[in-house]
Amino acid sequence: MDLEDTATKLGVPVEDVERVHRLAADRPSAPLPALASAPALLEKLAVPPDDAAEILAGWPDDGSELWTPELRWLLDRSTALVRADLGGHQWLPPGPELPRDRGLAWRHLYVYAYLALVDVVLTYHRDHGVPDTVSWATLADLGRNLAVDRRMRGEGWPVMQSWLTLHARGGVYELGRLQHHRGGATISLHIPDSGPLTPDAVAASLDEGRAFFPRHFPGEHYAAFSCGSWLLDPQLREYLPADSNIIRFQQRFELEPYEEPKGIEADVEVLRFVFRTLTTPLDRLPRNTVLQRAIVDHLRAGRHWHWRTGSFPV
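Residues numbered from 1 in each chain as written. Predicted model: local features only at pLDDT ≥ 70, side-chain atom pairs only at ≥ 80, totals over all residues. Heavy atoms only, no water.

> Help me out: how do you make sense of the nonpolar core in this one?
As a rule of thumb, soluble globular proteins bury nonpolar side chains together. By size, the foremost hydrophobic cluster in this structure holds 54 residues, and its most contacted members are Leu45, Ile55, Leu115 and Leu142. Ranked by residues supplied to this core, first place goes to helix α7 (residues 109-127) with 13 residues. Beyond its immediate sequence surroundings of up to four residues, Ile55 is in contact with Leu42, Val47, His108, Val111, Tyr112, Leu115 and Leu146. By size, the runner-up hydrophobic cluster in this structure holds 40 residues, among which are Leu189, Phe213, Phe253 and Trp307. (Core = buried A, V, L, I, M, F, W, Y, C linked by side-chain atoms within 4.5 Å. Buried < 20%, exposed > 50% of the residue type's maximum accessible area, 1.4 Å probe, protein only. Helix = DSSP H or I, 4+ residues; strand = E, 2+ residues; numbered from the N terminus. Contact = heavy atoms within 4.5 Å.)

In structure tokens:
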């Protein structure tokens, strides 16, 4: 495999192709499920109908003209790259960001890699006694993220393709309202777009996490829950009522001193989560909720949101 030629044909930096080649090495990949079983699998993963139709239409069957040798190589090696880190809990880009407007194979290549890894991670879950209900709730984050990406007209996927490798390696578990991210010194909490962040729903999810990790990962010991998010920015208290769900969520955490995070722009993340757009001018964003008005007014005043991290004991 000529890596420079492959990079040129993929339209990506050669360094990105060299990274995939190095990390995947000669490790085994994983086969895609049969096309006949794919519709049922996509439904279990909560993939919306429009995305499911595209994924099925672009399926990498033998002889498909959509799939060049370079794309087939990248699919195989990115799957091997992720599988090689099964059980890992760090963010892991599965490969280079592709020009997704070149066709269905380009648009959904990392979705196919995720689908190939479903049986692998389900086996990992079962080896740890994780209930199927938790497994499928966790893995169905694929559908949620595809829906967000479609709403964002493709602006969301570059972050999501790395995020979803956590699910495919057994690093993240959706336990009720919150996603619980194992590894390191704490259980990191993530907040999916799945309804109100009510105190009761949060408390129930935390109770699930307190029981889940000692039961299924007894060799790992966590003394605290942690979270990094713009939702923990104390500036929100200037705009939201004290009994709002967000402020009550904030009150659980002891914040660390503020430091500008590397690689995270809080203003961008706020727009991504609240409005699902990164390009709409501020004066054209909706102002239907207290939170939407707060975000827009804060930015239009020339101020910035902050990414804050905090924790509290398990």
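> Is there a simple way to think about the packing of aromatic side chains in this case?
For any pair of aromatic rings, the description consists of the separation of the ring centres together with the inter-plane angle of the planes. All told, the structure shown has 15 aromatic pairs when counted by the stated rule. Ring geometry for Phe212 versus Phe213: centroids 5.0 Å apart, planes at 80°, classification edge-to-face. Each of the two residues, Phe212 as well as Phe213, counts as buried. Through a chain of ring-to-ring contacts, three or more aromatic side chains come together here, namely Tyr173, Phe212, Phe213, Phe217 and Tyr222. Directly above the ring of Trp106 sits Arg102, whose terminal nitrogen or CZ lies 3.8 Å from the centroid. Arg276 extends its terminal NZ or CZ atom over the ring of Phe273, reaching a point 5.1 Å from the ring centre. (Phe/Tyr/Trp six-rings, centres within 6.5 Å; stacked < 30°, edge-to-face > 60°. Lys NZ or Arg CZ within 6 Å of the ring centre and 35° of its normal.)

> Sorry, what's going on with unusual backbone geometry here?
Glycine aside, the phi torsion of most residues is negative, and most peptide linkages are trans. One non-glycine residue with positive phi stands out, namely Arg153, at about 55°. Relative to the helices and strands, Arg153 resides in the loop between α9 (141-151) and α10 (157-168).

> What is the right way to look at the sheet that holds strand β6 (residues 308-313) in this model?
By way of backbone hydrogen bonds, the strands of a sheet pair with one another, either parallel or antiparallel. The sheet built from six strands is open, its strands ordered β1-β2-β3-β4-β6-β5 with mixed pairing. Edge positions in the sheet fall to β1 (172-175) and β5 (254-255), since each of these pairs with one other strand and no more. Direction of pairing for β1 relative to strand β2 (residues 178-181): antiparallel, over a ladder of four bridges. By the bridge assignment, Glu174 is partnered in β2 with Gln179. (Pairing = 2+ DSSP bridges.)

> Just to check I follow, could you spell out the pairing of strand β3 (residues 187-190) for this structure?
Each regular strand displays side chains that alternate between the two surfaces of the sheet. Only one face of β3 is buried, namely the one carrying Ile187 and Leu189, since none of Ser188 and His190 on the opposite face is buried. In the sheet, β2 pairs with β3 via three bridges, with the strands oriented antiparallel. Bridged to Gln179 within β3 is His190. Connecting β2 to the next strand, β3, in antiparallel fashion are five residues, including Gly183 with a positive phi near 105°. Pairing of β3 with strand β4 (residues 224-229) involves two bridges; the strand directions are parallel. Paired with Ile187 across the two strands is Phe225, which belongs to β4. In this fold, β3 hands off to helix α11 (residues 199-216), which returns the chain to β4; that crossover is right-handed. (Right-handed = clockwise from strand over helix to strand, strands pointing away.)

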